[in-house]
Amino acid sequence: MGADTSGRGVIRRAVAGQRRDVVVGSLLGAAHQTGEALVPVLIGLIVDRAVVRPDGGALALWLVVLAVVYAMLSYGFRFGARAGERAAEQAAHRLRLDVVRRVLAPHGGAEAGRPPGALVNVATEDARRVGALNMALTLGIAAVVGVVAGAVLLLRASVPLGLLVLVGAPVLMALGHYLARPLEHRSEAEQERAAHASGVAADLVAGVRVLKGLQAERAAVARYRATSQASREANVRAARAAALQTGLILTLTGAFIALVALVGGRLVLSGSIGLGALVSAVGLALFLPGPIAVLAWVGAELAKARASAARIADVLAAPGETTGGTVEPDAVPGAAARTASGTDTPASAATGPDAPTTAATPTPGELRLHRLGHGGLDGIDLTVRAGEHLGIVVTDTADAATLLRCLARRCDPDRGRIELDGTPFTELAPAALRSTLLVAEHDAQLFDGTLLDNVTAAAPAGADPHPAMDAAAVDEVAATLPGGTAGRIGERGSSLSGGQRQRVALARALAADRSVLVVHDPTTAVDAATEARIATGIRRARTGRTTVLVTSSPALLAATDRVVLIDCGTVAAEAPHEDLVRDHPVYRSAVLT
């Protein structure tokens, strides 16, 4: 993406990036329009030179010339339209990539205040409209050449007729641009309403199970009906504006052509031009509405493209949730843990009953929270040693969410700082930080595809996902699917239960093999026996890697090295799980009730 993220900048890049195809398409389109303008002139010449004064040889010669012109205009249109369409599709594709790249940017912020359906609408329909401007520009340039060619040919037949066209055509073009302004505003409103309707539909589809469970189908239908009707009304208003603009342009164009025909007829009657010139003039008068109508259509397309470009620019220019640094962390995702024997083995490969419980040389990954203050958190001082398996119990769910947002660097704290291996988060490059530290949210989404595809979505290339799947008890999930790990799980894991979805999401986080992993409540929908197996599996799979479990599950906390209790926004206690259960009533209440 370029530095200019304004609406004009979006249009400028969309056209400049396809300038080769736009130029080729415009030249071929100009050849087509020139050929169209030459056809009535050639017919007039045939009338004068082979019909008024019969001449079979001249008739054959001019018919051959006419056939060559027809071939030229036919191929010019065919290949010119192909170049213009290619430019439109490629520009739209690049805009879609720009929007997706911005939405997925490490510093975030593009999704703020925009439902997923609205972002999809921007990346699809708005990108298509801006890309289509390349085709409109190609046809518009060709239409200008056609109008100029028609005027020049008319000037050769009659100076008054040519001047009339040269004066009248620019006036019609200016009127078309002026009449397109209301359409631009209506089009922008139409796209906003359509995006809102898409967002509401996406939300309702995502929560269809909850709606059925609450028997809230009627309320959901009423909500979507109201949103859809508002979108339809905006669409109708935009269509009315487009129809009015097109109708007015056609009316003005028709009046202009009638004026040309009237002046030409009077010149014929006065003997200023001959029969062939009359035929040429009438043919050119019939030809001119075509390119002039195209110019009016180009004005309407430009209005739509400007409205869509403004919406794309809003997404591209959306402020980030955080500001990025430039420092690269020392830890590398998927790096090997150095064992006592001196061989490099992935940490996730340490599985099985004989797997070591500690690494001889832990990989980097020390986290330090220094007087962290944000939202309900106040003065959190906490050090997570490299390779430590730490549990964090937060009595207030809002404080837990705030802590996770800060650790994921979806926001920067109001006070204090977080450091990774001694380097503040604010100095680390966001992409590099996320390749080293992964925060696995409680409501992590799954994707349509196979079970294995979901588990390996973030795994290092060539890594074995089975240790992570075994640690998260995903082998039991695979046994329930037709095709096992190759079985499809549906959109958002719709074919799985809540507990199965949690296990797949946990396996994906473990398979990512980050140096630092923060997991939030990964087993709230899992039965006790499976939860105990998962607690042991996480410990085994994350040997030598820094792991933070933000949870109130006794089974998971019992498998940690120590537990930190955050109550009322501050660190209230830290000790092994068993000691806190015995000695601290707030902790005991948080994890056992």
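Residues numbered from 1 in each chain as written. Predicted model: local features only at pLDDT ≥ 70, side-chain atom pairs only at ≥ 80, totals over all residues. Heavy atoms only, no water.

1. Focus on the environment of Gly449
With respect to the element layout, Gly449 can be found in the loop between strand S8 (437-440) and helix H12 (451-455). Judged by relative accessible area, Gly449 falls into the buried class, the value being 5%. Distance in space between the C-alpha atoms of Gly449 and Glu491 is 7.6 Å, their sequence separation being 42 residues. Leaving out residues up to four positions away in the same chain, Gly449 has contacts with Asn454, Gly487, Arg488, Ile489 and Gly490. (Helix = DSSP H or I, 4+ residues; strand = E, 2+ residues; numbered from the N terminus. Buried < 20%, exposed > 50% of the residue type's maximum accessible area, 1.4 Å probe, protein only. Contact = heavy atoms within 4.5 Å.)

2. Points about the sheet that holds strand S11 (residues 562-567)
Ordered in space as S8-S9-S10-S5-S11-S12, the 6 strands form an open sheet in which the pairing is mixed. Strand pairing shows two members of the sheet lacking a second neighbour, S8 and strand S12 (570-575), which therefore form its edges. In this sheet, adjacent strand axes meet at a mean angle of 15° when their direction is disregarded. In this sheet, strand S9 (residues 516-520) lies alongside S8 in parallel orientation, the contact comprising 4 bridges. Bridging across to S9, Ala440 finds its partner in Val519. Running at roughly 140° to strand S5 (residues 389-394), helix H10 (residues 397-407) makes contact with S5, S8, S9, strand S10 (546-550) and S11 of the sheet. (Pairing = 2+ DSSP bridges. Axes fitted to C-alpha atoms, helices over the stretch in contact; angles between N-to-C directions.)

3. Re the sheet that holds strand S4 (residues 377-384)
The strand order across the open sheet formed by 4 strands is S4-S3-S6-S7, and the pairing between neighbours is antiparallel. Only two strands of the sheet have a single partner each, and these edge strands are S4 and strand S7 (423-424). Of the strand pairs in this sheet, strand S6 (residues 415-420) and S7 are connected by 2 bridges, and their pairing is antiparallel. In the strand pairing of S7, Glu419 is matched with Pro424. Lying over the sheet, H10 contacts strand S3 (367-374), S4 and S6, oriented at roughly 125° with respect to S3.

4. Concerning the packing of helix H3 (residues 56-103) against helix H4 (residues 116-157)
Between H3 and H4, the least distance of the axes is 7 Å, while the angle of their chain directions is 150°. Between H3 and H4, the angle falls in the class roughly antiparallel. Crossing of H3 over H4 shows right-handed handedness. Seen from H3, the contacting residues are Gly80, Ala81, Gly84, Glu85, Ala87, Ala88, Ala91, Ala92, Leu95, Arg96, Val99 and Val103; seen from H4, they are Leu119, Val122, Ala123, Thr124, Ala127, Arg128, Val130, Gly131, Ala132, Asn134, Met135 and Thr138. Of the residues in the contact of H3 with H4, the class split is 15 nonpolar, 6 polar and 3 charged. (Parallel < 35°, antiparallel > 145°, perpendicular 65-115°, else oblique. Left-handed = near helix turned anticlockwise from the far one by under 90°. Nonpolar A, V, L, I, M, F, W, Y, C, P; charged D, E, K, R; others polar.)

5. Some words on the confidence of the model for the protein chain
Per-residue confidence for the protein chain averages 82 on the pLDDT scale, and 84% of its residues sit at or above 70. Throughout residues 331-362 the model reports pLDDT below 50, and contacts reaching past four residues in sequence, or to other chains, amount to 49 contacts. (pLDDT = per-residue confidence, 0-100.)

6. Quick notes on the packing of helix H1 (residues 7-16) against H4
It is at 9 Å that the axes of H1 and H4 come closest, and there the two elements cross at 55°. Between H1 and H4, the crossing angle belongs to the class labelled oblique. Regarding H1 and H4, the two cross each other, and that crossing is right-handed. Two secondary-structure elements touch here, H1 through Val10, Ile11, Ala14 and Val15 and H4 through Val130, Leu133, Asn134 and Leu137. Per-class residue counts for the contact of H1 with H4 are 7 nonpolar, 1 polar and no charged.

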